[in-house]
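# Chain and residue survey
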Amino acid sequence: MYRKEKLLNRRTVVKGFFYGALAGLGAVSSALGPFWILPEAYGNKTGCDGPVPLRLQAAKKGLIYGAETTFREIGDAEFVGAFKRECGILVPGDELKWKALRPTPGSFDFSRADFLARFAKGSNMHFRGHTLVWHEALPWWFGQTVNSGNAERILREHIETVVGHYAGQIHSWDVVNEAIATWEKDSLPNGLRNSPWLKLLGPKYIDIAFRTAADADPEALMALNQNVLEYGSKASEQCRADTLDLLRRLKSSGTPIHALGIQGHIRTDYEHAGRFSPGKFRRFLRDVADLDLKILISELDVVDSGLPRDIALHDRAVAGIYKEFLDVALAEPAVIGVITWGLSDRYSWQRYGPGRDKTTVRPLPLDVDLNRKPAWYAISNAFDNAHKNNF
Ligand code: XIL
């Protein structure tokens, strides 16, 4: 319990961008708004020398900073050096998903996830679990094995085994990932995603998952993890409302939920997603905090496919988006930490996205050569301002 108390108390461009048509940065700046307005310094600093690593910068404010990584990436010694320097928490990108852990219906393969858990422990980092229930990354056998008669038993068995395996070693678990539908048309009236688990068990799958997880590890923070919570669009507005409804329902029925994970894959295809809405997002954070829940920014990056190809402009735009988002997020005392979905552009998941030119995949704090980018300085600066801003 002591550990949990400690954790709980821790305060702890547009798609079709007409860049070529715009004459200069001044025009770009006024066309695109506040995220271009950055201290010059962000655009100029590179290299690994100098200021304190992000994990220490965060710790000064009682916050945790870390990143997603994978088994494969930890085989890269140069990357490992940067990861150890910057990160205070590690979350496996894929190794704890069903697809990775469950080669067959009757077996578990913890080898890769255990490697990452040992690495985190040996490097004095927290270890975070992602994710116990998701509509994606299900194993090949799922559809032919799981049915409404055995789904509850199989779900419980999975959670008991996996959470039990890491009990006492985990900072927090994403118990259910993306339970609320986002752009999809097939959500239910309460906004719940019509996932395989919902089809098999109904909405109670969420309660079952949280109860089973909390029983298996009473020390870890148990979180609901959700995307598309930060924009001004109707879809995002709906997502926030549905997420709050679900959180309220879980809290009022005594379900052991302790935190909301806000993914924060910040999109730049504004026509589709809508623009980041500081005011709406700030209010949402307050509403979540009022439910006595902690908040973790759990998968932060900038989906930078819509940004200019010019590297300097691109990097400044990414940095500005981080800064704008984090200044709002870190003004909320219930926010206990920030995790970026990757640390270096060398391994961003966006590299593997369809149609991406790898030279303009630059969404993370470090570039492919592990140099600190404007984004790094923006995050560092946001930690510096944490809990000071009022929106
Ligand atoms: C991503 C991984 O990073 C990729 O390696 C994988 O191919 C697909 O999943 N939201 C989530 C994460 O909750 O699990 C996703 O991770 C990124 C989006």
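Note: the structure precedes this text.
What comes next concerns the included structure. (Residues numbered from 1 in each chain as written. Predicted model: local features only at pLDDT ≥ 70, side-chain atom pairs only at ≥ 80, totals over all residues. Heavy atoms only, no water.)

The next thing to look at is the overall build of the protein. Helix and strand counts for the protein stand at 16 helices and nine strands. Of the roughly 15300 Å² of accessible surface on the protein, 53% is carried by carbon and sulfur atoms. (Helix = DSSP H or I, 4+ residues; strand = E, 2+ residues; numbered from the N terminus. Areas by Shrake-Rupley, 256 points an atom, 1.4 Å probe, with all protein chains shown as cover.)

Turning next to the site of the ligand. Within the structure, the ligand sits among Asp-94, Lys-97, His-130, Trp-134, Asn-177, Glu-178, Gln-263, His-265, Glu-299, Trp-341 and Trp-349. In this structure, an oxygen atom belonging to the ligand sits 2.7 Å away from a side-chain N or O atom of His-130. A distance of 2.9 Å separates an oxygen atom of the ligand from a polar atom in the side chain of Asn-177. Within the complex, 74% of the 420 Å² of free accessible area of the ligand lies under protein. (Near = heavy atom within 4 Å. Polar contact = N/O pair within 3.5 Å; in protein donor to acceptor, adjacent residues only side chain to side chain.)

Let us now look at the nonpolar core. Ranked by size, the top nonpolar core spans 109 residues in total, and within it Trp-173, Val-176, Trp-197 and Tyr-205 carry the most contacts. At nine residues, helix 15 (residues 311-329) tops the list of elements feeding residues into this core. In contact with Trp-173, other than residues within four places in its own chain, are Leu-96, Arg-128, Gly-129, His-130, Leu-132, Val-162, Val-163, Tyr-166, Ala-220, Leu-221, Met-222 and Ala-223. Membership of the second largest hydrophobic core comes to eight residues, among which are Ile-64, Ile-89, Val-91 and Leu-296. (Core = buried A, V, L, I, M, F, W, Y, C linked by side-chain atoms within 4.5 Å. Buried < 20%, exposed > 50% of the residue type's maximum accessible area, 1.4 Å probe, protein only. Contact = heavy atoms within 4.5 Å.)

On to the pattern of salt bridges, then. Throughout the structure, instances matching the rule amount to 21 salt bridges. The residue Glu-86 makes a salt bridge to Arg-85 at a minimum N-O spacing of 2.9 Å. A salt bridge links Arg-249 to Asp-207; the nearest nitrogen and oxygen atoms lie 3.3 Å apart. With Arg-249 in helix 12 (residues 234-252) and Asp-207 in helix 11 (residues 204-216), the pair connects residues that are 42 residues apart, well separated along the chain. Note on Arg-249: relative accessible area 33%, which makes it partly exposed. By relative accessible area, Asp-207 is classed as buried at 13%. A cluster of three or more residues bridged by salt bridges with shared partners is formed by Arg-282, Arg-286, Asp-290 and Glu-332. (Salt bridge = Lys/Arg side-chain N within 4 Å of Asp/Glu carboxyl O.)

Another aspect to go through is the environment of Glu-271. Assignment of secondary structure puts Glu-271 in helix 13 (residues 270-273). On the basis of relative accessible area, Glu-271 is assigned to the exposed category, the value being 71%. A C-alpha to C-alpha distance of 9.3 Å links Glu-271 and Ser-233, two positions 38 residues apart in sequence.

A separate point is unusual backbone geometry. Cis peptide bonds are those with omega within 30 degrees of zero, and the linkage from His-130 to Thr-131 qualifies with 5 degrees. Mapping Thr-131 onto the fold places it in strand 3 (residues 126-133). Residues other than glycine seldom take positive phi values, yet Glu-178 does so here, at roughly 55 degrees. Mapping Glu-178 onto the fold places it in the loop between strand 4 (172-177) and helix 10 (196-201). Relative accessible area serves as the criterion here: at 9%, Glu-178 is assigned to the buried category. Backbone geometry places Asp-292, a non-glycine residue, at a positive phi of 65 degrees. Considering the arrangement of structural elements, one finds Asp-292 in the loop between helix 14 (278-290) and strand 8 (294-303).

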